[in-house]
Amino acid sequence: EYSGSLFQSFRNVSEGHVAGVELEFRRNLTKHFKLDFNASYIYTHISLSENGIYTDKSRELQGASPYLINVDLNYSTKFMHDKGLFISAVYNLQGPRISSVGINGVSNVMEKSFNALNLIGSYSWSDKTRIKLQVKNLLNQRQEFTQKIKATGKEEVVEYYKKGLGLQLGFSMDF
């Protein structure tokens, strides 16, 4: 039932409802270690006209995850003569969301929950020079998109991919 159409269209509704709650926690664990935690719950809802082509007349907003969680554990220290080291591990959990809205009786395509872990490090020789290393997507989780098939009632994976590991190395100097 999944349509691999090259064309996508967008239509705004006249009104929708969005509400959320966010919890943030920051804590210095030691002189050099710091923990940051952030969690959000987001409620979204729209109602569509009964004579439209959309399969669900009442649903969440497309692209909006109902929850997000972020955790950042970092280490930071200064050495003599303005030298410094910073290392951070950043975890992110994004809840499931509607990727493509279903039409004409075909179900929505849902993007499954996604976990990401990134490492960021930098070393400063002085207050003007710095080298930075970023390692992105260490978990390299398979990103899945599913759709409920009307004929069988089963949820099937209709698309998936892995983003791969990303590496960035940079050097900066202030003049």
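Above this text is the structure in question.
Residues numbered from 1 in each chain as written. Predicted model: local features only at pLDDT ≥ 70, side-chain atom pairs only at ≥ 80, totals over all residues. Heavy atoms only, no water.

As for the overall build of the protein
Thinking step 1. Looking only at helices and strands, one finds 0 helices and 12 strands in the protein.
Thinking step 2. The order of α-helices and β-strands along the protein, N terminus first, is β-β-β-β-β-β-β-β-β-β-β-β.
Thinking step 3. In summary, the protein has a C-alpha radius of gyration of 22 Å against a globular reference of 16 Å for 175 residues, an excess of more than 25%.
Thinking step 4. Based on the C-alpha atoms only, the size of the protein along its principal axes is roughly 70 × 35 × 30 Å.
Thinking step 5. Of all intrachain contacts in the protein linking residues separated by at least 6 positions in sequence, the fraction that spans at least 24 positions is 55%.
Thinking step 6. Accessible surface, the protein: about 12,100 Å² in total, of which carbon and sulfur atoms supply 56%.
Thinking step 7. Computing the positive centroid from 21 side-chain charges and the negative centroid from 17, the protein places the two 6 Å apart. (Helix = DSSP H or I, 4+ residues; strand = E, 2+ residues; numbered from the N terminus. Rg over C-alpha atoms; globule rule 2.2 N^0.38 Å. Contact = heavy atoms within 4.5 Å. Areas by Shrake-Rupley, 256 points an atom, 1.4 Å probe, with all protein chains shown as cover. Lys, Arg positive; Asp, Glu negative; His and termini not counted. Charge placed at Lys NZ, Arg CZ, Asp CG, Glu CD.)

Examining the environment of Arg142
Thinking step 1. Structurally, Arg142 can be placed in strand 10 (residues 142–148).
Thinking step 2. Sequence spacing of Arg142 and Pro96 is 46 residues, and the spatial spacing of their C-alpha atoms is 14 Å.
Thinking step 3. In this view, Arg142 contacts Val157, Tyr160, Tyr161 and Lys162; residues no more than four positions away in its chain are not counted.
Thinking step 4. A distance of 2.9 Å separates a polar atom in the side chain of Arg142 from a polar atom in the side chain of Glu144. (Polar contact = N/O pair within 3.5 Å; in protein donor to acceptor, adjacent residues only side chain to side chain.)

Digging into the sheet that holds strand 6 (residues 97–100)
Thinking step 1. The strand order 6-7-10-11 describes an open sheet built from 4 strands, whose pairing is antiparallel. On the outer flanks of this sheet lie strand 6 and strand 11 (155–162), each paired with one strand and no other. Taken pair by pair, the neighbouring strands of this sheet meet at an average axis angle of 35 degrees, ignoring direction.
Thinking step 2. Bridge count between strand 10 and strand 11: 7 bridges; the pairing is antiparallel. For Gln143, the partnering residue across the bridge sits in strand 11 and is Tyr161. (Pairing = 2+ DSSP bridges. Axes fitted to C-alpha atoms, helices over the stretch in contact; angles between N-to-C directions.)

Re the packing of aromatic side chains
Thinking step 1. Applying the stated criterion across every chain, the model contains 5 aromatic pairs.
Thinking step 2. Ring centres of Phe79 and Tyr123 lie 6.5 Å apart, and the angle between their planes is 45 degrees; this geometry places the pair in the tilted category. Here the residue Phe79 occupies a position in the loop between strand 4 (67–78) and strand 5 (84–94), and Tyr123 occupies one in strand 8 (residues 114–124), the gap between them amounting to 44 residues.
Thinking step 3. Here the aromatic cluster, defined as three or more aromatic residues joined through ring pairs, consists of Phe79, Tyr123, Trp125 and Phe171. (Phe/Tyr/Trp six-rings, centres within 6.5 Å; stacked < 30°, edge-to-face > 60°.)

Structural notes on the pairing of strand 8
Thinking step 1. Note: strand 5 against strand 8, 11 bridges, orientation antiparallel. By the bridge assignment for strand 8, Leu85 is matched with Tyr123.
Thinking step 2. Bridging between strand 8 and strand 9 (residues 129–136) involves 6 bridges; their strand directions are antiparallel. Counterpart to Ser124 in the pairing with strand 9 is Arg130.
Thinking step 3. From the end of strand 8 to the start of strand 9, which pair antiparallel, there are 4 residues.

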